[in-house]
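One-letter residues, chain by chain:
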Amino acid sequence: MITRISTYIREPYPYIYNNKKQLLLILGIITLLSFVFSYVFEPFEINTTEHKMDQIWINCVHAFLPLPIVFLYFTIVNWFVKDDSHWTIGKEMLHLSIVLILIGIGSFLIRDLIYNNPNNWSFRYFYEEIRNSFFVGVLLLAIVLPLNLQRLIQKHSKSVEKLTFSPSLETAKSQTIHIALGNENIQFDIQQFLFAKVESNYTEIYVLDNDIVHKTLVRITLKELEIRLQEFSNIYKTHRSYLVNLDKITSSTGNAQGYQLSLQNYTDTVPVSRSKLKAFDMYFSNLKKE
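Keep in mind that this is a model prediction, so the values were computed, not measured.

Each value, and the rule that gives it
- Residues numbered from 1 in each chain as written.
- Predicted model: local features only at pLDDT ≥ 70, side-chain atom pairs only at ≥ 80, totals over all residues.
- Heavy atoms only, no water.
- Helix = DSSP H or I, 4+ residues; strand = E, 2+ residues; numbered from the N terminus.
- Rg over C-alpha atoms; globule rule 2.2 N^0.38 Å.
- Contact = heavy atoms within 4.5 Å.
- Areas by Shrake-Rupley, 256 points an atom, 1.4 Å probe, with all protein chains shown as cover.
- Lys, Arg positive; Asp, Glu negative; His and termini not counted.
- Charge placed at Lys NZ, Arg CZ, Asp CG, Glu CD.
- Salt bridge = Lys/Arg side-chain N within 4 Å of Asp/Glu carboxyl O.
- Buried < 20%, exposed > 50% of the residue type's maximum accessible area, 1.4 Å probe, protein only.
- Expected span 1.5 Å × (residues − 1).
- Phe/Tyr/Trp six-rings, centres within 6.5 Å; stacked < 30°, edge-to-face > 60°.
- Core = buried A, V, L, I, M, F, W, Y, C linked by side-chain atoms within 4.5 Å.
- Polar contact = N/O pair within 3.5 Å; in protein donor to acceptor, adjacent residues only side chain to side chain.
- Patch = residues over 30% accessible without salt bridge, like charges linked within 9 Å, V, L, I, M, F, W, Y side chains within 5 Å.
- Pairing = 2+ DSSP bridges.
- Axes fitted to C-alpha atoms, helices over the stretch in contact; angles between N-to-C directions.
- pLDDT = per-residue confidence, 0-100.
- Parallel < 35°, antiparallel > 145°, perpendicular 65-115°, else oblique.
- Left-handed = near helix turned anticlockwise from the far one by under 90°.
- Nonpolar A, V, L, I, M, F, W, Y, C, P; charged D, E, K, R; others polar.

K.L.:
I'd love a proper account of the overall build of the protein, names of residues and values included.
P.N.:
Of the regular secondary structure elements, the protein holds nine helices and 10 strands. Taking 2.2 N^0.38 as the reference for a compact globule, 290 residues should give roughly 19 Å; the C-alpha atoms of the protein span a radius of gyration of 25 Å, well beyond that estimate. When contacts within the protein are restricted to residue pairs at least 6 apart in sequence, long-range pairs at least 24 apart make up 61% of them. Accessible surface, the protein: about 17,100 Å² in total, of which carbon and sulfur atoms supply 60%. Taking the average location of the 28 positive side-chain charges in the protein and that of its 26 negative ones, the two points are 3 Å from each other.

K.L.:
Which residues make up the pattern of salt bridges, and what values do they have?
P.N.:
Opposite charge on two side chains permits pairing when their charged atoms draw close. Taken as a whole, this structure holds four salt bridges when the rule is applied. The partner of Lys 215 in a salt bridge is Glu 204, and the shortest N-O contact between them spans 3.8 Å. Here Glu 204 lies in strand S4 (residues 202-209) and Lys 215 lies in strand S5 (residues 212-218), a separation of 11 residues in the sequence. We classify Lys 215 as exposed; its relative accessible area is 52%. The class for Glu 204 is buried, based on a relative accessible area of 9%.

K.L.:
So what about helix H5 (residues 89-109)? Which residues, and what values?
P.N.:
Between the first and last C-alpha of H5 there are 30 Å, a value that for 21 residues agrees with the 30 Å anticipated at 1.5 Å per step. What H5 keeps buried is the set Ile 89, Gly 90, Glu 92, His 95, Leu 96, Val 99, Leu 100, Ile 103, Gly 104, Gly 106, Ser 107 and Phe 108. Against helix H1 (2-9), helix H3 (55-64), helix H4 (66-80), helix H6 (111-114) and helix H7 (123-160) lie the buried residues of H5.

K.L.:
A description of the packing of aromatic side chains should follow, citing residues and the corresponding values.
P.N.:
Scanning the model with the defined rule gives 16 aromatic pairs in all. Plain terms: the ring middles of Phe 123 and Phe 126 are 6.2 Å apart, the flat faces sit at 35° to each other, and that makes the pair tilted. Of this pair, Phe 123 and Phe 126 are both found in helix H7, three residues apart, which corresponds to roughly one turn of the helix. For Phe 123, a relative accessible area of 66% translates into the label exposed. When the ring of Tyr 206 is compared with that of Tyr 266, the centres are 5.7 Å apart and the planes differ by 70°; the resulting orientation is edge-to-face. With Tyr 206 in strand S4 and Tyr 266 in the loop between strand S9 (258-263) and strand S10 (269-273), this residue pair connects regions lying 60 residues apart in the sequence. Of the aromatic side chains, those joined through ring pairs into one cluster are Tyr 15, Tyr 17, Tyr 73, Phe 74 and Trp 87.

K.L.:
Quick one: what's the story with the nonpolar core, residue by residue and with numbers?
P.N.:
Ranked by size, the top nonpolar core spans 26 residues in total, and within it Tyr 15, Tyr 17, Phe 74 and Val 77 carry the most contacts. Once residues within four sequence positions are removed from consideration, Tyr 15 is found in contact with Phe 74, Val 77, Asn 78, Val 81, Asp 84 and Trp 87. With 22 residues, the next largest nonpolar core counts Leu 208, Ile 249, Val 272 and Phe 280 among its residues.

K.L.:
Which residues make up the side chain of His 239, and what values do they have?
P.N.:
Position of His 239 relative to the elements: it lies in strand S6 (residues 235-239). Judged by its relative accessible area of 4%, His 239 falls in the buried class. In this structure the side chain of His 239 is engaged in a polar contact, spanning 2.9 Å, whose partner is the backbone nitrogen of Ser 241. Those residues in contact with His 239, other than ones at most four positions away along the chain, are Asp 83, Asp 84, Ser 85, Pro 271, Ser 273 and Lys 276.

K.L.:
Give me a positive patch on the surface: which residues, what numbers.
P.N.:
Judged by side-chain charge, Arg 151, Lys 155, Arg 274 and Lys 278 come together as a positively charged surface patch. Mapped onto the secondary structure, Lys 155 falls in helix H7.

K.L.:
Give me the sheet that holds S10: which residues, what numbers.
P.N.:
With antiparallel pairing, the three strands of this open sheet are ordered in space as S8-S9-S10. Looking at strand neighbours, the two that pair on one side only are strand S8 (249-255) and S10, the edges of this open sheet. With direction set aside, neighbouring strand axes in the sheet form an average angle of 30°. Helix-sheet contacts for H7 involve S8 and S9, and the interaxial angle to S8 is about 155°.

K.L.:
Would you mind going over the confidence of the model for the protein in detail, with residue names and values included?
P.N.:
Taken residue by residue, the protein gives an average pLDDT of 87. The fraction at 70 or more is 94%. In the model of the protein, helix H2 (residues 20-41) stands out as the element of lowest mean pLDDT, 77, in contrast to strand S7 (residues 242-245), which has the highest, 95.

K.L.:
If you had to explain the sheet that holds S5 to someone new, which residues and values would you point to?
P.N.:
Read across the open sheet, the five strands follow the order S5-S4-S3-S7-S6; overall the sheet is antiparallel. Only two strands of the sheet have a single neighbouring strand rather than two, namely S5 and S6. Here the strands of the sheet are splayed against their neighbours by 20° on average, with no regard to which way each runs. Note that strand S3 (residues 193-199) and S4 share six bridges and pair antiparallel.

K.L.:
I'd like to hear about the packing of H4 against H5, residue by residue, with values.
P.N.:
Contact geometry for H4 and H5: axes closest at 10 Å, N-to-C directions at 135°. In this view, H4 runs oblique relative to H5, as classed from their interaxial angle. The interaxial crossing formed by H4 with H5 has right-handed handedness. Every residue of H5 that contacts H4 at Pro 66, Ile 69, Val 70, Tyr 73, Phe 74 and Val 77 is listed here: His 95, Leu 96, Ile 98, Val 99, Leu 102 and Ile 103. Here the contact of H4 with H5 is composed, by residue class, of 11 nonpolar, one polar and no charged.

Below, the structure written as structure tokens:
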């Protein structure tokens, strides 16, 4: 049982919080649904004699309160999430649970603005506001997230089956790439290039030489490397943190984040992000037809 839970919480899950427009759209939808839920069902005990304003305005306050809290919280989290391919369903649930606690604390702190109650600052109401936040959020944590995880896994697994990953002739001719940066002088044959990934302010370049994978840390941005290799049609940016040699793909699987590509002689996988799936499918299929 513990093993199954451990495996489940390590399942990859899409990280949506680095797109502020998408985040605001989702928060707007959640705000609207929260207001409708509270207004229609009135899930909590109401004592109108304590109200400083009409119930509908109280519902509005509680519905809009999560918006700045969630936006600010994940703006801070974004500073620390450098590679969102490592985001998991467990991390998603953990951070959303923290958000629910913060929303509960926020609801507690504004009680004096909406309720006439001498015990507003009591531990009872502190606990009650956090409990109420979790009561509303449990639908998301216990039902919506697991269902969405399975939906995305099935969708991406079915989509990747349409692609054919089979040994083929190299689409790029042999050519030595030189990267001179100060005292560094990196060179490799383009046919040896496996992939590159962002590593803090550096880029890790992986090459395959005599069936052995070598990694080199270079002080260059992934964007700069992409520009230097743009003449090679087999080099493709599959993720904001990854640049991949499509000729080296041996197989692929689907998960909630998108695809996971297996490369020649490389034991781990590299991602194709969910936002790039359609473009990747089209580009890869056209490349193999050439």
